[in-house]
Amino acid sequence: MRHISSTLATVAAAGVLALAVPGSAYATNGFIVIDGIVHTRPSGCIEIPQLSSVFNVTDVPALVHNVPGCAGGVVQIIPPGLAVQVPGTHSIFLG
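The sections below set out a description of the structure shown in this document. What you are looking at is a predicted structure, and each value in this text was computed from that prediction instead of being measured.

**Some points on the sheet that holds strand 4 (residues 52-58)**
Either a parallel or an antiparallel arrangement is found when strands of a sheet pair, and the pairing is made through backbone hydrogen bonds.
Okay, so step 1: Strand order in this open sheet of 4 strands is 2-1-4-7, and the pairing throughout is antiparallel. Of all the strands in the sheet, just strand 2 (37-40) and strand 7 (83-86) have a single pairing partner and so form its edges. Averaged over all pairs of adjacent strands, the angle between strand axes in this sheet comes to 25 degrees, irrespective of strand direction.
Okay, so step 2: For strand 1 (residues 30-34) and strand 4, the ladder comprises 5 bridges, and the chain directions are antiparallel. By the bridge assignment, F31 is partnered in strand 4 with V57.

Written out as structure tokens, the structure is:
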């Protein structure tokens, strides 16, 4: 009985971990345009080193973080189909 409980706990923990990890390995559908440069099927973190125009043409919201590396807080959400100005030294997460 102890072995079955241990196995079930391990399987349950693996399932929770699989659901908790963001889907950054999967690219989004569509593209994002940053200062006229098209990034097709973007995923993960994109650095914004200077004031930039960002047009989100994906199927997911783009999360703007207030520091590079997609760390820090989310300061803005760019919904699909919207273009905005993003200040420099920020980053955008799509996933």
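Okay, back to it.
**Some words on the sheet that holds strand 3 (residues 44-48)**
Okay, so step 1: If you walk across this open sheet you meet the 4 strands as 3-8-5-6, and the pairing is antiparallel. Strands at the two margins of the open sheet, each flanked by one partner only, are strand 3 and strand 6 (74-78). Each adjacent strand pair in this sheet contributes to an overall mean axis angle of 25 degrees, direction not counted.
Okay, so step 2: In this structure, strand 5 (residues 62-65) lies alongside strand 6, joined through 4 bridges in antiparallel fashion. What sits directly across from L63, in strand 6, is I77.

**Details of the side chain of T58**
Okay, so step 1: Tracing the sequence through the fold places T58 in strand 4.
Okay, so step 2: Within polar-contact distance, the side chain of T58 engages the side chain of N56 at 2.6 Å.
Okay, so step 3: A distance of 2.9 Å separates a polar side-chain atom of T58 from the backbone oxygen of V60.
Okay, so step 4: Once you skip the residues sitting within four places of it in the chain, T58 turns out to touch T28, N29, G30, F31, I32, P42, P80 and L94.

**Re the pairing of strand 8 (residues 90-94)**
As a general feature of sheets, a regular strand has side chains that alternate between the two faces.
Okay, so step 1: Extensive coverage of strand 8 is indicated by the burial of 4 of its 5 residues.
Okay, so step 2: Of the pairings in the sheet, the one linking strand 3 to strand 8 comprises 5 bridges and is antiparallel in character. Directly across from I48, in strand 8, lies its bridge partner H90.
Okay, so step 3: Pairing of strand 5 with strand 8 involves 3 bridges; the strand directions are antiparallel. Paired with H65 across the two strands is S91, which belongs to strand 8.

The rules behind each value
- Residues numbered from 1 in each chain as written.
- Predicted model: local features only at pLDDT ≥ 70, side-chain atom pairs only at ≥ 80, totals over all residues.
- Heavy atoms only, no water.
- Pairing = 2+ DSSP bridges.
- Helix = DSSP H or I, 4+ residues; strand = E, 2+ residues; numbered from the N terminus.
- Axes fitted to C-alpha atoms, helices over the stretch in contact; angles between N-to-C directions.
- Polar contact = N/O pair within 3.5 Å; in protein donor to acceptor, adjacent residues only side chain to side chain.
- Contact = heavy atoms within 4.5 Å.
- Buried < 20%, exposed > 50% of the residue type's maximum accessible area, 1.4 Å probe, protein only.

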